[in-house]
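Understanding the architecture of this molecule
Below are the chains, spelled out letter by letter.
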Amino acid sequence: MGDKLFLSSPHMSDEGYEKEYVNEAFDTNWIAPLGKNVNEFEKELAEKVGSKHAAALSSGTAAIHLALKAIGVGEGDVVFCPTLTFSATVNPIIYQNATPVFIDSDEETWNMSSKALEKAFEKHPSVKAVIVVHLYGLSANMDSIMEICRRYDVKVIEDAAESLGGYYKGKHTGTFGDYGVFSFNGNKIITTSGGGMLVSDNEERISKTRFWATQSRDQARHYEHSELGYNYRMSNVSAGIGRGQLKVLEERVARKKYIFDYYKRELGSLEGVSFMPDNDWDEPNYWLSSMTLSGKVRPIEVMEGLEKENIEARPIWKPMHLQPYFEKYDFVGTGVAATLFENGVCLPSDTKMSDEDLARVVKTIKELW
Ligand SMILES: *Cc1c(COP(=O)(O)O)cnc(C)c1O
């Protein structure tokens, strides 16, 4: 059997950039707390995406949590978020004792449907914040979503955990809303082994985020606390890995696009196969190549066929409104996300895969037709 092929796993630079930054941290004993790599990683990431300020945190989930806090979301507040996402988008809403309302996807973007969002605003006019997700690196329809949210004067958090390196109409995803969130978890397009970043043009809120993330220690000789705190900062070692990874981001996006184009070319004409949407205003980072199946061959057969060949594949995210823990919350939509879940498959999109590896995936799938 061939080597295991992954959906998406860590891929350090050939040049060893990450090691240089990590070694520097070791040599100066600045492995923690904070330090030069953290400050520089914040600056470099903010510059890369075109945001004014950034706070390096322990995870993307922590970044979503503190973005909600920065907006003032608290007990009883309603927050809209897409139903088609990873649970990490929603959990922080619950941490803040707020109430999620799940919004359906549209077929054009797979992301938050503007139509369903409008309906949700009519149903829950007192909503406090909206979280938008750029699933698999595909951008949501930001012009329309931002227009609606501005009209209702509601703050927007962009969960760009999966879309670092991707653009909507030439502007980096994660920089349209009031706050943007990135993740450097092990499966993301670049990784720090684990970590996240909150970006915003609001300098005061970003420095407040750093304060909350270091246990809310007031200015005093002793430890003085007038607010609830969290231990959410990124370590100087992780930030060193991140600085090295940032140097190869464009290279990773190019390879992800190559993988997507390869699959689409080789598999796109099989009966019932449609690939994820390719809108002309969107420059995705192609984090995970995904397709839907409407013909005789079902997703389970593809996943089992690949598994037998030691190749990882997975369904599209199971919608949150169908999850046992979240099904008690309101859902606004028509069932697009549920259909994507039923028919969707995420294909191995690991940037370490060679052309021979890709040929192996394609051959295994084609044999099912
Ligand atoms: C990975 C991910 C997160 C969470 O990031 P972590 O760094 O793992 O906490 C949030 N939202 C989405 C859509 C993700 O894919």
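All figures in this text were calculated on a predicted structure; none of them were measured in a lab.

On to the domain arrangement of the chain. The assigned domain composition of the chain is domain 1 (17-246) and domain 2 (249-366). Put simply, the middle of domain 1 and the middle of domain 2, counted by C-alpha atoms, are 25 Å apart. Listed by partner, the interface residues are 48 residues for domain 1 and 38 residues for domain 2. Note on domain 1 versus domain 2: buried area summed over both sides is about 3800 Å², and carbon and sulfur give 65% of it. Our count for the contact surface shared by domain 1 and domain 2 stands at 2 salt bridges. The tally of links from domain 1 across to domain 2 stands at 24 residue pairs in polar contact (both at pLDDT 80 or more). Counting residues per element, the ones that place at least two in the side of domain 1 that touches domain 2 are helix H4 (91-95), strand E3 (99-103), helix H5 (114-123), strand E6 (167-168) and helix H8 (236-246). Considering each element in turn, the side of domain 1 that touches domain 2 owes the most residues, 5 residues, to E3.

Of the residues making up H5, those classed as buried are Ser114, Ala116, Leu117, Ala120 and Phe121. Each buried residue of H5 lies within a common arc of 155° when the element is viewed along its axis, so the set occupies one face. Relative to its buried face, H5 has exposed residues pointing more than 90 degrees away, namely Lys115, Lys119, Glu122 and Lys123. On its buried side, H5 packs onto strand E2 (78-82), E3, strand E4 (129-133), helix H6 (142-151) and strand E14 (331-332). Where H5 begins, one side-chain oxygen reaches toward the backbone nitrogen of Lys115, 3.3 Å away; that side chain belongs to Ser113.

Next up on the list: the sheet that holds strand E11 (residues 282-283). In space, the 3 strands of this open sheet follow the order E7-E6-E11, with antiparallel pairing throughout. Unpaired on one side and paired on the other, strand E7 (171-172) and E11 mark the two borders of the sheet.

Definitions and cut-offs
- Residues numbered from 1 in each chain as written.
- Predicted model: local features only at pLDDT ≥ 70, side-chain atom pairs only at ≥ 80, totals over all residues.
- Heavy atoms only, no water.
- Domains from an automatic or database assignment.
- Contact = heavy atoms within 4.5 Å.
- Buried area = accessible area lost by both parts, 1.4 Å probe.
- Salt bridge = Lys/Arg side-chain N within 4 Å of Asp/Glu carboxyl O.
- Polar contact = N/O pair within 3.5 Å; in protein donor to acceptor, adjacent residues only side chain to side chain.
- Helix = DSSP H or I, 4+ residues; strand = E, 2+ residues; numbered from the N terminus.
- Buried < 20%, exposed > 50% of the residue type's maximum accessible area, 1.4 Å probe, protein only.
- Arc of directions from axis to C-beta.
- Pairing = 2+ DSSP bridges.

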